[in-house]
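Structural overview for review
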Amino acid sequence: MAERKKSSTKKKIEVSTKEIVKVEPIVEESKVLKVKKCFNRILNDEARHLYTPVIKELFEVAPDILERKIPDANVQQAFILDTVRHFTPKNGSILGVGTFDDTAWEVLVRQHSDEYTLVGVDPNYGTDLNSEWTNSKQKYDMIFATSVIEHVPDDLLFIRQMVDLLKPGGVITLTADYHPNYYPGMTIVPGLSRFYTEN
């Protein structure tokens, strides 16, 4: 588990309210995950254009990490960073899941550690969401994971653990690798458990 503190303020991208929808609770085996609001956005070329200022910021702060990334995936990092800054209260607590080489995490650590309490978990640090869920008594205002959920074998357990670690009124922000024609059983890249679709 990595904790850090530091500062800067940047312009936030406003999310259109037409993208926010009410979601029915997810029900499985008589257990309910209550979801008050959520928005789903496909991070395509239009979104890439919208998040250009944040992508530029990522390049300014963490060029060493971005040079190793797939260029089209930078919009996911920008979306995460912008959303985390928009929805996390000042002096709030943030849990980053899968933070190794995550440029959104690096911007938070390098420029905002005096504004938030930051805890990062990643198998490369010897920790993961399950160990944080099992061992931590801390609750968070914001939990985020950039392209992690498609790698975990049990995505519902992953979500449940994040919900358990969330403060009342807290926010979970996720990105996932998208494939419009994905179907269960489809041959996919080694290391992934699934892709996600609009449905």
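Structure's up top.
Residues numbered from 1 in each chain as written. Predicted model: local features only at pLDDT ≥ 70, side-chain atom pairs only at ≥ 80, totals over all residues. Heavy atoms only, no water.

Topologically, D101 is positioned in the loop between strand 6 (93-97) and helix 5 (103-112). Ignoring sequence-local partners within four residues, the contact set of D101 consists of I65, R68 and K69. (Helix = DSSP H or I, 4+ residues; strand = E, 2+ residues; numbered from the N terminus. Contact = heavy atoms within 4.5 Å.)

Take unusual backbone geometry next. Even without a glycine there, the phi angle at N91 is positive, about 65°. Within the secondary structure layout, N91 lies in the loop between helix 4 (74-87) and strand 6. Of note in this structure, S147 is not a glycine but carries a positive phi near 50°. Assignment of secondary structure puts S147 in the loop between strand 8 (140-146) and helix 7 (155-165). Exposure remark for S147: the relative accessible area of 16% places this residue in the buried category. (Buried < 20%, exposed > 50% of the residue type's maximum accessible area, 1.4 Å probe, protein only.)

Attention now moves to the nonpolar core. Formed by 23 residues in total, the largest nonpolar core has its most connected members in Y51, L81, V84, I94, L108, L118 and F144. Broken down by secondary-structure element, the contributors of at least two residues to this core are helix 2 (52-61), helix 4, helix 5 and strand 8. Top contributing element to this core by residue count: helix 4, with six residues. The contact partners of V84, leaving out residues within four places of it in the chain, are I94, L108, M142 and F144. Formed by 16 residues, the second largest nonpolar core is a distinct cluster that contains L95, L129, I143 and I159. (Core = buried A, V, L, I, M, F, W, Y, C linked by side-chain atoms within 4.5 Å.)

A full pass over the atoms with the stated rule returns three aromatic pairs. For the pair Y51 and F79, a centre-to-centre distance of 6.0 Å together with 85° between the ring planes defines the contact as edge-to-face. Here Y51 is found in the loop between helix 1 (45-50) and helix 2, whereas its partner F79 is found in helix 4, with 28 residues between them in sequence. When its relative accessible area of 7% is taken as the criterion, F79 is described as buried. Between F100 and Y125 the ring centres are 6.4 Å apart and the planes differ by 75°, which places this aromatic pair in the edge-to-face class. With a gap of 25 residues between them, F100 in the loop between strand 6 and helix 5 and Y125 in the loop between strand 7 (117-121) and helix 6 (129-135) connect regions that are remote in the sequence. Of the residues examined, F100 reaches a relative accessible area of 42% and is grouped as partly exposed. Among the residues examined, Y125 registers a relative accessible area of 36% and is labelled partly exposed. (Phe/Tyr/Trp six-rings, centres within 6.5 Å; stacked < 30°, edge-to-face > 60°.)

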